[in-house]
Amino acid sequence: MRKIIIYVILLFVTNNWIYAQQDSIATIIDFQTRKFRSMLETLYEYSSDSVDIYTASDSAFSAMLKSVNKQNAYYPKSIWSKYFNSNQGESESIGITIQLLADTIFILDVDQNSPAEDAKIQRGGVLISVNNIEANVNNYYKINSELRAKEGDTILVKWMNYKSLEVKTVSLICKKYDEPSIVSYFVIPDINTAYIKISRFSTKTYEEFTELASKLSNKKKLEGIIIDLRDNSGGTLDAALKMINEFMDVKDTIFESFAKMADFKYNIISTGTGSFTKIPLIVLINGNSASASEIFAGAIQDLDRGILIGEKTFGKGTMQKNWNLIDTTGYKVTVAKFITPSGRPIEKSKQEKLDIDPQLKLSDTSIYKQLEKRLEEDNLPTKLDVYYTKRKKRPIINLGGIMPDITCGKDTITLLTDVLISKGIMIEFVFKNLHLFSGIANSTFEDFLFNYNVSDEILQHLRVFSHNIKKIWNEEMFLKDKEIIRSKLKANIAHYFWGSSAFYAVNALEDGVLKTAIKNRNQAVEIIK
């Protein structure tokens, strides 16, 4: 009887302590909230500087979230809608991307399904005015601001067809429209391998991918798939997990997370009934591949489903949840950390002195030698943890982020090539010399991609344009980068005729990383045997 009384007393005391703690936190939050209100009122009333309450509050909210975790973020009205729509696979605008080239604002891109496409506005056109604001150098940022409209807004656009010089004025109503996350794809004929570039993981990515992969497979049985996740900063977790599942023929853990709240603790297991389980797979990654991209790449590597080629990924091993606020602002908070199927944490940590566990010499000398060679080749700078893939027990280096199976960086270029690209000289050359490419208009993109070559004569025109008009040239650098310049110019020609998807495709096909993937495709075949 005495034991029961003691137990009841302890339970009562414990519960009271918990409630007291909760009351204490609630009191602290209430006090800090009132303190913020008092400071904001004082700032507005007494500050000698003008005070925008929205801007001041936005800054405070952002700083508060970032002080807890750098991945937390606050989004004011101007950004939240765009961020939220991007995750939903939508865009909210009139669908025009502009670029200032010399003293002229050109229409660089027109989005599919957008109001601008419906109004037959064309790439390469010259923007004359937006809402009666003259489109010139001085108004460039103001014009950009006018184009960032909200759903339902009416935008008056005056533009000129650069080729025919015909001027048109159109009234466009801003709306939401689908914005594909698969931004480029093609099939490499000689090896019948599909290249698919995914810019982000939205709620519609999985459907986009399965529909596209099935369509390409139905035309002719695919012998391989290359998924390009370079510069893909992540997106929705669900889309990445569904895509991983499509490549798995066994039930296994593909994702695991750890969190304070049970709602965010996951152990996701594949169904083993994927549609593309027998197709060799290569995934391209780089330092800007993050979050959901790392989840996808890590699972493919750990489960020996494919090989990774490129550079170490960003190292964002945390999961965020979004909260909408009633004033159409929003924020995200880090709610969990995740690991790959082999148990690797993805989050990058502080760099420490490199050290390989000497125990590996005793257990497997060959693996130790492999790692030593890899470290020497890649000049890896941090402490080494070794994990193993689940089926074939291949050693995997963990440095925060996902390390590729084959390291391959982007092509190095000279200053001349960098300036020709970054200053928009190549695309300006194309827009202003369309007569040089008149024969391309009747070509299909597939024919252009695999059969068209920029001639030396056109390169000479580029040399004259850049040297005489733009006052930029270096013959020694040109000769060193001649073939790279040739391929980059081809990509810009493709951009004018077929849009950004074609631009990405040409750049990819001429890319050293993709060439490395093609060269090593047999490894992707062997790993799934």
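Here, every reference points to the structure presented above.
This is a predicted model, so every value here is computed, not measured. Sequence order sets the numbering: in each chain, residues are counted from 1 along the sequence as written. It should be noted that, the model being predicted, local features are given only for residues of pLDDT at least 70 and side-chain atom pairs only at 80 or more, the latter also being counted only at that level, while totals for whole chains, interfaces and linings use all residues. Note that the side-chain values use all heavy atoms of the structure and ignore hydrogens as well as water.

1. Overview of the overall build of the protein
Secondary structure is summarised from DSSP: a helix means a run of H or I of at least four residues, a strand means a run of E of at least two, and numbering begins at the N terminus for each. Along its length, the protein carries 18 helices and 21 strands. Taking all 529 residues of the protein together, 45% fall into the buried category. In the protein, the share of contacts with a sequence separation of at least 24, taken over all contacts with a separation of at least 6, comes to 69%. Under the convention used here, a 1.4 Å probe and the Shrake-Rupley method define accessible areas, while residue burial counts only the protein chains that appear. Just so you have it, the protein exposes about 28,600 Å², and 53% of that area is on carbon and sulfur atoms. Per-residue accessibility, obtained with a 1.4 Å probe over protein chains only, is compared with the maximum for each type, and a residue is labelled buried under 20%, exposed over 50%, and partly exposed between these values. Note on definitions: a residue-residue contact is assigned when non-hydrogen atoms from the two residues lie within 4.5 Å.

2. What about the pattern of salt bridges?
By definition here, a salt bridge exists when the distance from a side-chain nitrogen of Lys or Arg to a carboxyl oxygen of Asp or Glu is within 4 Å. Inspection of the entire model under this criterion finds 23 salt bridges. In this structure, Lys175 and Asp118 form a salt bridge, with 3.6 Å as the shortest nitrogen-oxygen distance. Taken together, the positions of Lys175 in strand S9 (residues 175-178) and Asp118 in helix H4 (residues 115-118) put the pair 57 residues apart, joining distant regions of the chain. Given the relative accessible area of 30%, Lys175 is considered partly exposed. Ionic pairing is found between Asp178 and Lys204, a salt bridge with its closest N-O pair at 2.6 Å. Here the residue Asp178 occupies a position in strand S9, and Lys204 occupies one in the loop between strand S11 (193-198) and helix H6 (205-219), the gap between them amounting to 26 residues.

3. Some remarks on the pairing of strand S17 (residues 318-324)
If DSSP finds at least two bridges between two strands, the strands pair. In this sheet, strand S18 (residues 330-339) lies alongside S17 in antiparallel orientation, the contact comprising seven bridges. When the sheet's bridge partners are listed, Met319 is paired in S18 with Ala336. As consecutive antiparallel partners, S17 and S18 are separated by five residues, and within that stretch Thr328 has a phi angle of approximately 65 degrees, a positive value.

4. With respect to the pairing of strand S20 (residues 395-398)
Regular strands place side chains that alternate from one sheet face to the opposite one. As paired strands, strand S19 (residues 385-388) and S20 are joined by four bridges and run antiparallel to one another. Its bridge partner lying in S20, Tyr388 is registered against Pro395. Between the antiparallel neighbours S19 and S20 lie six residues, among them Lys393 with a positive phi of about 55 degrees.

5. A word on the packing of aromatic side chains
Each aromatic pair joins two rings of Phe, Tyr and Trp (for Trp, the six-membered one) with centres within 6.5 Å, and gets the label stacked for planes under 30 degrees apart, edge-to-face for over 60, and tilted for any other angle. Enumeration over the complete set of coordinates arrives at 30 aromatic pairs. Seen in terms of ring centroids, Phe36 and Phe61 are 6.0 Å apart; in terms of plane orientation they differ by 40 degrees. Their pairing is tilted. Placement of Phe36 in helix H1 (residues 2-46) and of Phe61 in helix H2 (residues 53-68) is noted, with a sequence separation of 25 residues between them. Centre to centre, the rings of Phe247 and Phe276 are 6.2 Å apart; their planes meet at 45 degrees, and the pair counts as tilted. Of this pair, Phe247 sits in the loop between helix H7 (237-245) and strand S13 (253-259) while Phe276 sits in the loop between strand S14 (267-269) and strand S15 (281-285); the two residues are 29 residues apart in sequence, bridging distant segments of the chain. For the pair Phe247 and Phe276, a shared accessibility class is recorded, and that class is buried. Members of the aromatic cluster, each reached through a chain of ring pairs, are Phe106, Tyr162, Phe431, Phe445, Phe448, Tyr452, Tyr496, Phe497 and Trp498. Criterion for a charge above a ring: Arg CZ or Lys NZ at most 6 Å from the ring centre, at most 35 degrees from the ring normal. In this structure, Lys197 packs its charged tip against the face of Tyr504, placed 5.9 Å from the ring centre. Between the NZ or CZ atom of Lys321 and the centre of the ring of Trp323, over which it lies, the distance is 5.3 Å.

6. A few points about unusual backbone geometry
Look at Asn131: it is not a glycine, yet its phi comes out positive at around 50 degrees. Turning to its location among the elements, Asn131 is positioned in the loop between strand S5 (126-130) and strand S6 (133-134). For Asn131, a relative accessible area of 26% corresponds to the partly exposed category. Even without being a glycine, Ser291 presents a positive backbone phi close to 55 degrees. Relative to the elements of secondary structure, Ser291 occurs in the loop between S15 and helix H8 (292-302). With relative accessibility at 11%, the residue Ser291 sits in the buried group.

7. Examining the environment of Leu284
As for its placement among the helices and strands, Leu284 is situated in strand S15. Placed 124 residues apart in sequence, Leu284 and Cys408 show a C-alpha to C-alpha distance of 9.6 Å. Sequence-distant contacts of Leu284, that is, excluding residues within four places in its chain, are made with Tyr195, Ile226, Ile227, Asp228, Leu229, Arg230, Ile309, Val513, Leu514 and Ala517.

By themselves, these observations are geometric and do not establish any function.
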